[in-house]
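Observations on the three-dimensional arrangement
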Amino acid sequence: MEASPSKARAQAIESQSWSIVLSWLSDLYHPSPVPAFERNATTLTAFQSLMAENVAADRLQELLFDAKCEELAISQRNRMQRARGQGTTGHNATLLLPLLENSLSGAGKDSLESLARSAVLLGCCSPPSSSQSESIIDSLPARTVDLSRLTFRLEEHVSSVETLTSNLQAQTTETLHHLSSMRARAAQLSNPEDTTDSRPSTPPHASSIGPTTTDYSQLHAQTLQHQRETKQLQLKSAEYKARIDALDRQLAAAEGAASSSSAVTSTAALVSKQQVLEDKRKRITTLEARFRGFHGLPPDVDASRGEVNRLQAELEALKRRRDELFERI
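Worth saying up front: this structure is predicted, and the values here are computed from it rather than measured. (Residues numbered from 1 in each chain as written. Predicted model: local features only at pLDDT ≥ 70, side-chain atom pairs only at ≥ 80, totals over all residues. Heavy atoms only, no water.)

**Quick look at the overall build of the protein**
Rule in force here: Secondary structure is summarised from DSSP: a helix means a run of H or I of at least four residues, a strand means a run of E of at least two, and numbering begins at the N terminus for each. The rule is simple: take the accessible area with a 1.4 Å probe, protein chains only, and divide by the maximum for that residue type; under 20% is buried, over 50% is exposed, in between is partly exposed. Any two residues having at least one pair of non-hydrogen atoms within 4.5 Å are treated as being in contact.
Along its length, the protein carries eight helices and zero strands. Along the protein, helices (α) and strands (β) appear in the sequence α-α-α-α-α-α-α-α when read from the amino end. Within the protein, the proportion of its 329 residues that are buried is 6%. Put simply, of all contacts in the protein between residues at least 6 apart along the chain, 51% involve residues at least 24 apart.

Structure representation (structure tokens):
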């Protein structure tokens with residue numbers, strides 16, 4: 001099936017963006033090759049932002065350099081015009097030169113010395129005339145760029161020499177270690193009786209010991225494998241987090257149900273306790289009523305019984321009198 005126009009347009013835009021980024025990287029890393037990297041949307045966006053910032057910075061530096069050159073040219077022309085207007089001769093200029101140097105401030109003297117040094121470095125030692133000064137000013141940007149290029153190349157050469165020196169030192173150390181181990185083995189294998197008569201011969205060693213090289217393709221494959229494992233672990237971590245959240249919700253629901261059931265049981269216990277309390281209150285009321293019935297009796301048991309008997313006798317007498325009164329009626 002053919003891709004839709006929108007997808008094809010997006011792919012074309014992406015391929016064009018990658019071509020621009022790769023051309024910028026090739027110019028940036030020239031003459032070294034561009035390092036390997038993973039191509040995805042995030043990498044493309046990062047490269048585009050870096051390229052935009054780099055281009056903007058280069059453009060700003062160029063504008064600043066052009067402005068400085070223009071200011072220098074304008075100041076030089078103004079000086080030439082003032083010199084022509086005053087009509088000074090070479091003799092007067094030589095007389096005025098010490099006066100001007102003495103009248104300059106510390107910063108002005110430093111600027112004059114730096115300008116003279118730059119003129120010497122750029123090969124302009126002779127006193128310039130008007131045409132020579134204009135040619136010097138015109139050639140300043142090109143010579144400055146050449147100096148920066150030469151400095152960059154020299155720095156690259158120095159770094160490469162340092163790298164080679166470190167590699168040679170590492171190889172020398174490894175070779176010496178290998179030789180010492182081989183001599184130790186030869187000394188162990190040699191006969192002790194022969195060592196008293198003759199010295200052990202130097203063991204033969206390899207004619208050349210090549211430096212250990214790193215398989216960059218294997219490292220790249222391992223890096224890709226680590227990236228895949230990292231992505232898988234991230235997916236599993238997200239899945240485990242989702243499971244933990246679900247278990248937390250289930251635990252919270254179970255705790256809520258347990259708390260509700262405990263609340264129901266506590267309510268039932270309170271009701272039963274209240275009923276027991278009501279029964280005890282009724283019993284206390286009954287006992288209080290009985291206690292009131294025994295109110296007025298002496299504390300002694302025998303005296304209380306005698307009082308009860310007396311009251312019962314009075315009660316019987318009152319009953320007989322009641323009966324007699326009823327009979328009379």
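Moving on from the model shown.
**Some details on the pattern of salt bridges**
Note the cut-off: Within this document, salt bridges are pairs made up of a side-chain nitrogen of Lys or Arg and a carboxyl oxygen of Asp or Glu, the two lying within 4 Å of each other.
According to the stated counting rule, one finds six salt bridges in the structure shown. For Arg 59, the salt bridge identified is with Glu 62, shortest N-O distance 3.6 Å. Pair noted here: Arg 59 and Glu 62 are both in helix α2 (residues 41-86), with a separation of three residues, about one helical turn. Overall, Arg 59 belongs to the partly exposed group, its relative accessible area being 48%. Taking the relative accessible area as the measure of exposure, Glu 62 reaches 44% and is therefore partly exposed. Salt bridges sharing common partners tie together Glu 307, Arg 310 and Glu 314.

**Some words on helix α1 (residues 5-29)**
Worth spelling out the cut-off: Multiplying 1.5 Å by the helix residue count minus one yields the expected span of that helix.
For α1, built from 25 residues, the straight-helix expectation of 36 Å at 1.5 Å per residue is met to within 8% by its first-to-last C-alpha distance of 36 Å. When α1 is considered as a whole, its buried residues turn out to be Ser 17, Trp 18, Val 21, Trp 24 and Leu 25.

**Some words on the confidence of the model for the protein**
Defined as follows: Note on scores: pLDDT gives the predictor's confidence for each residue, bounded by 0 and 100.
Per-residue confidence for the protein gives a mean pLDDT of 76; residues scoring 70 or more make up 76%. Taken together, the stretch residues 193-214 has pLDDT below 50 and engages in twelve contacts with residues farther than four places along the chain or on a different chain.

**Concerning unusual backbone geometry**
Look at the link from His 30 to Pro 31: it is a cis peptide, with omega at 5 degrees. Tracing the chain through its elements places Pro 31 in the loop between α1 and α2.

**Topic: the packing of aromatic side chains**
Two aromatic rings are characterised by how far apart their centres lie and by the angle between their planes. Filter applied, for reference: Working definition: rings of Phe, Tyr and Trp (its six-membered ring) pair if their centres are within 6.5 Å, and the pair is stacked with planes under 30 degrees apart, edge-to-face with planes over 60 apart, and tilted otherwise.
Within the structure shown, the criterion is met by two aromatic pairs. Ring centres of Trp 18 and Phe 37 lie 5.9 Å apart, and the angle between their planes is 20 degrees; on these two criteria the pair is classed as stacked. Residue Trp 18 is located in helix α1, and its partner Phe 37 is located in the loop between α1 and α2; the two are separated by 19 residues in the primary sequence. For Trp 18, a relative accessible area of 8% gives the class buried.

**Some thoughts on the environment of Lys 109**
Considering the arrangement of structural elements, one finds Lys 109 in helix α4 (residues 106-121). In this view, Lys 109 contacts Glu 101 and Leu 104; residues no more than four positions away in its chain are not counted.

**A few points about a nonpolar patch on the surface**
Put simply, the rule reads: The patch calculation keeps residues exceeding 30% relative accessible area without a salt bridge and links them within 9 Å when they carry like charges or within 5 Å when they are nonpolar (Val, Leu, Ile, Met, Phe, Trp, Tyr). Under the convention used here, a 1.4 Å probe and the Shrake-Rupley method define accessible areas, while residue burial counts only the protein chains that appear.
A contiguous nonpolar patch, built from Leu 28, Tyr 29 and Val 34 and spanning about 240 Å² of accessible area, is present on the exposed surface. Structurally, Tyr 29 is set in helix α1.

**Quick look at the nonpolar core**
Operational definition: Here the nonpolar core consists of buried residues drawn from Ala, Val, Leu, Ile, Met, Phe, Trp, Tyr and Cys, with membership extended through side-chain atoms lying within 4.5 Å.
Trp 18, Val 21, Trp 24, Leu 25, Leu 44, Phe 47 and Met 51 form the largest nonpolar core, which has seven residues in total. When residues of this core are traced back to their parent elements, those giving at least two are α1 and α2. Considering each element in turn, this core owes the most residues, four residues, to α1. Those residues within four positions of Leu 25 in sequence are excluded, and the remaining contacts are Val 34, Phe 37 and Phe 47.

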